[in-house]
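Summary of structural features
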Amino acid sequence: MAKLILSMDGLVLKEIPLNKERLSIGRKPHNDIQIDNLAISGDHAVVVTILADSFLEDLNSTNGTLVNGQPIKKHFLRNNDIIELGKYKLKYLADLQAGAAASDFERNAAIRSGQLKMPTELQLEPGDTITRSSVGLASVPKPPAPAPGAAIQLLNGPHAGKELELTKTLTTLGKPGLQVAVIAKRPHGFFITHVEGRQFPVVNGRSLDAQAYPLGDHDVIEIAGIKMEFFLKG
């Protein structure tokens, strides 16, 4: 299992296993990693782990987040990356053994440049046009998955009736800065996970939590004010 090593001035303070899909970092006590320092924003950053990969996102913090000395907004984490938040450092240690054993399917989320630009497959804001991005994870080719295909259909807004086939390993939905979720295509099904925003996705009228949620045929999802139906395609 991958982990983060928290330190300050060379002194190791804590070891944090990445055993959940969304791990928050900030000064407020509700964060998974609480750093009680004024240089750290209340909700400073988040680490999202999907399959064998993790990426870091700065949540518009006041003082920013550095990785290996460079300011980042979103960054795909690699083994031995050093995350800097004020005087504190978090060293990312990947689970190399698990990574070596991962199937080609699970490694489709690997990036080419070493830095993740969050791909937004669908900008779900009423009045906006639907945009498809070929940047980042969505552009990585992958072999056919054994799981049945699936798609989502928009149920409201100016693009009601439009469909998007979920053919990629990761499909991001929502509006960056407001609410973003990701649907992961895995060998045993499709799972939706919250990535960004104070509001969590709603499935069949029930608000989700930070954990991945398995999607079923004809589930109705609501993200950023747009409703969509998930359905399997045999």
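This report concerns the structure included in the present document. (Residues numbered from 1 in each chain as written. Predicted model: local features only at pLDDT ≥ 70, side-chain atom pairs only at ≥ 80, totals over all residues. Heavy atoms only, no water.)

**Here we look at the pairing of strand β13 (residues 149-154)**
Our working rule: At least two bridges found by DSSP between two strands are what make those strands a pair. To qualify as a helix, a DSSP run of H or I must reach at least 4 residues; to qualify as a strand, a run of E must reach at least 2; elements of each kind are numbered from the N terminus.
Bridge analysis of β13 against strand β22 (residues 226-233) gives six bridges, and the strand direction is antiparallel. Considered in β22, the bridge of Ile 152 is made with Phe 230.

**Concerning the pattern of salt bridges**
Counted only if it meets this: The term salt bridge refers to a pairing of a side-chain nitrogen on Lys or Arg with a carboxyl oxygen on Asp or Glu at a separation within 4 Å. Burial status follows relative accessibility: with a 1.4 Å probe on protein chains alone, a residue under 20% of its type maximum counts as buried, one over 50% as exposed, and anything between as partly exposed.
Taken as a whole and judged by the stated rule, the model has six salt bridges. Where Lys 3 meets Glu 15, a salt bridge forms, and the shortest distance between an N and an O atom there is 3.3 Å. Remark: Glu 15 occurs in strand β2 (residues 11-17) and Lys 3 occurs in strand β1 (residues 3-8); sequence separation between them is twelve residues. In this structure, Glu 21 engages Arg 186 in a salt bridge whose closest nitrogen and oxygen atoms are separated by 2.9 Å. Residue Glu 21 is located in the loop between β2 and β3 (22-26), and its partner Arg 186 is located in strand β16 (residues 179-186); the two are separated by 165 residues in the primary sequence. Of the two residues, Glu 21 and Arg 186, neither departs from the other in class, the shared state being buried.

**As for the sheet that holds strand β14 (residues 163-165)**
Note on sheets: strands pair through backbone hydrogen bonds, and any given pair is parallel or antiparallel. Pairing in this open sheet of six strands is antiparallel, and the strands run β14-β13-β22-β21-β18-β19 from one edge to the other. In the strand order of this sheet, the two ends are held by β14 and β19 (206-207), each with one partner. Across two bridges, strand β18 (residues 202-203) lies against β19 in antiparallel orientation. Following the sheet pairing, Val 202 is matched in β19 by Ser 207.

**Comments concerning unusual backbone geometry**
Phi is positive for Asp 9, close to 55°, though the residue is something other than glycine. Mapped onto the elements, Asp 9 comes out in the loop between β1 and β2.

**A word on the sheet that holds strand β7 (residues 65-67)**
Here is the rule: Helix axes use the C-alpha atoms of the stretch in contact, all axes being lines fitted to C-alpha atoms, and the angles between their N-to-C directions lie in the range 0 to 180 degrees.
Sheet architecture is open: six strands sit in the order β2-β1-β11-β10-β7-β8, paired in antiparallel fashion. On the outer flanks of this sheet lie β2 and β8 (70-72), each paired with one strand and no other. The average undirected angle you get between the axes of adjacent strands in this sheet is 30°. Across three bridges, the pairing between β7 and β8 is antiparallel.

**Details of the environment of Gly 174**
The residue Gly 174 is located in strand β15 (residues 170-175) in this model. Taking relative accessible area as the criterion, Gly 174 reaches 1% and is therefore assigned buried. Each C-alpha atom, one on Gly 174 and one on Pro 201, is 9.6 Å from the other, the two residues being 27 residues apart in sequence.

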